[in-house]
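# Coordinate analysis (summary)
Okay, here's what each chain looks like letter by letter:
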Amino acid sequence: MGYELAMRVWRGDADGGGLQDFTVDVEEGMVVLDAVHRLQASQANDLAVRWNCKAGKCGSCSAEVNGKPRLMCMTRLNTFEPGETVTITPLRTFPVVRDLVTDVTFNYEKAEEVPTFAPGKPTGDDGHHRMAQTDVDRVQEFRKCIECFMCQNVCHVIRDHEDKKQVFAGPRLMIRYAELEMHPLDTNDRRDLLRAEAGIGYCNITKCCTEVCPEHIKITDNGIIPLKERVVDATYDPIAAIGRRLRRG
Ligand code: SF4
Ligand code: F3S
Ligand code: FES
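### Looking at the confidence of the model for the protein chain
Per-residue pLDDT for the protein chain averages 94, and the proportion of residues at 70 or more is 94%. Across the predicted assembly, pTM comes out at 0.92 and ipTM at 0.99.

### Focus on the site of ligand 2
Neighbouring ligand 2 are the residues C155, H156, P171, C203, N204, I205, T206, K207, C208, C209, T220 and I224. Given that more than half its atoms are within 2 Å of the pocket grid, ligand 2 belongs to the second largest cavity. Taken together, the residues of the shell around ligand 2 sort by class into seven nonpolar, four polar and one charged.

### Regarding the pattern of salt bridges
Within this structure, the stated rule accounts for 20 salt bridges. The residue K54 makes a salt bridge to D34 at a minimum N-O spacing of 3.0 Å. Within this pair, whereas K54 is found in the loop between α1 (32-42) and β3 (62-65), its partner D34 is found in helix α1, the two being separated by 20 residues in sequence. For K54, a relative accessible area of 38% puts it in the partly exposed group. Judged by relative accessible area, which is 18%, D34 ranks as buried. Between E64 and R159 there is a salt bridge whose closest N-O contact spans 2.9 Å. In this pair, E64 is assigned in strand β3 and R159 in helix α5 (residues 156-159), connecting sequence segments 95 residues apart. Note on E64: relative accessible area 7%, which makes it buried. One connected set of salt bridges, linked through shared partners, spans R11, D46, R98 and D99.

### Section: empty space enclosed by the protein
Applying the stated rule across the entire model yields two cavities of 30 Å³ or more. Approximately 100 Å³ is the volume found for the largest cavity. In terms of lining residues, the largest cavity is bounded by 14 residues, among which C145, C151, C213, I217 and I219 are the most central. Mapped onto the lining of the largest cavity, the elements with two or more residues apiece are α4 (150-154) and α6 (171-181). Here the residues of the lining of the largest cavity are counted per class, giving 11 nonpolar, no polar and three charged. There is about 80 Å³ of room inside the second largest cavity.

### Focus on the packing of aromatic side chains
For the structure on display, the rule yields two aromatic pairs. On the basis of an interplanar angle of 70° and a centroid distance of 6.3 Å, the ring pair of F94 and F149 is categorised as edge-to-face. Of this pair, F94 sits in the loop between β5 (86-89) and β6 (96-98) while F149 sits in the loop between α3 (133-143) and α4, and the two are 55 residues apart along the sequence. Ring geometry for Y108 against F149: centres 5.7 Å apart, planes inclined by 80°, an arrangement best described as edge-to-face. Here Y108, found in helix α2 (residues 105-112), pairs with F149, found in the loop between α3 and α4; they are 41 residues apart in sequence, far enough to count as distant. Y108 gets classed as partly exposed once you look at its relative accessible area, which sits at 41%. Put simply, the rings of F94, Y108 and F149 touch in pairs and so form one group of aromatic residues. A cation sits over an aromatic face here: K165 above F106, 5.7 Å from the ring centre.

Reading the values: the criteria
Residues numbered from 1 in each chain as written. Chains lettered and ligands numbered in written order. Predicted model: local features only at pLDDT ≥ 70, side-chain atom pairs only at ≥ 80, totals over all residues. Heavy atoms only, no water. pLDDT = per-residue confidence, 0-100. Near = heavy atom within 4 Å. 1 Å grid on protein atoms, 1.4 Å probe; cavity = no way out; pocket = protein on both sides within 12 Å on 5 of 7 lines; lining within 4 Å. Sits in = over half its atoms within 2 Å of the grid points. Nonpolar A, V, L, I, M, F, W, Y, C, P; charged D, E, K, R; others polar. Salt bridge = Lys/Arg side-chain N within 4 Å of Asp/Glu carboxyl O. Helix = DSSP H or I, 4+ residues; strand = E, 2+ residues; numbered from the N terminus. Buried < 20%, exposed > 50% of the residue type's maximum accessible area, 1.4 Å probe, protein only. Points joined across faces, edges and corners; volume = space filled by probe spheres on them. Phe/Tyr/Trp six-rings, centres within 6.5 Å; stacked < 30°, edge-to-face > 60°. Lys NZ or Arg CZ within 6 Å of the ring centre and 35° of its normal.

What follows is the structure in C-alpha cells.
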C-alpha cells in the first residue's frame, strides 16, 4: 500500500545550506534509501547521495536520520511513527561535499599511518602458520568493519572538536589497530603509534561508538580497552620497555 512520506533533507555544500521539505510517494517495505532515490527521481534530480550495495555491506550510505547515524539502506520506513517526518542530514563529523555526501578522507589518511600486517616465519613443523581458533575469532570480529564511519561520527572527541582530528584517529581506526595488534602472527609493534599518532589516550570510554556499529563490533570492550592496556604496559612497565628495546636491537 502506498502513502505520502514527509521528508526533510539537508541540501547545500561546503559554503552552507539548509533543510528542505518534500512530500514523497512511497510504498510499504521501502527503506530510507528507497525514499531518497524516489525523491531524487521525481523532484530533486541533482540531490547528491552516496550508496553502493543496498545491502548493509559497503558502508557508503551512512547519514544522520532523525538525529541518529544510520545506514539508509538498512533503515525501514516502518521504524518511524505514522505521519512522522523523516529528516536526513549528512554525517556531521566530516566536511560536506554536497547534500548528503561528506568527505571522509580523514579516515583514509589516518589508515595510511597504520603499519600493515607483517607475519613472522611459519611456526608449524609443516612450514605453515598455526593460529588458535580463539585468536582467529578475536581478530575476525574486527574484520567485520564495513567502514561506514558512523562510530567516527558519534565519537565526541572528533565530532565536537575539529582540532582533535590532528591528535585522535577515532574508534574505526582503533579497530584497525586492534585487528593487527591482536593478530598472533603479526610481528609489528604499533603501541608507540597508538599512544602518539593515534592518540588512544583521548578516548574516555563513553562507548557511543559501540552503540551505533551496524556490525555489532564491541569497539570499546574488545578493541579499545585491551589496546589501552597494551599501551600502558609498553609505556610504564620498565621490564616490558627494556624487552621491547632489546627486540628492536
Ligand atoms: Fe562502521 Fe562499526 Fe566499522 Fe565503525 S567499526 S566504521 S561503526 S562498521
Ligand atoms: Fe569515542 Fe568510542 Fe572512546 S565514542 S571516546 S572512541 S569509547
Ligand atoms: Fe551499502 Fe547502504 S548502500 S551499506
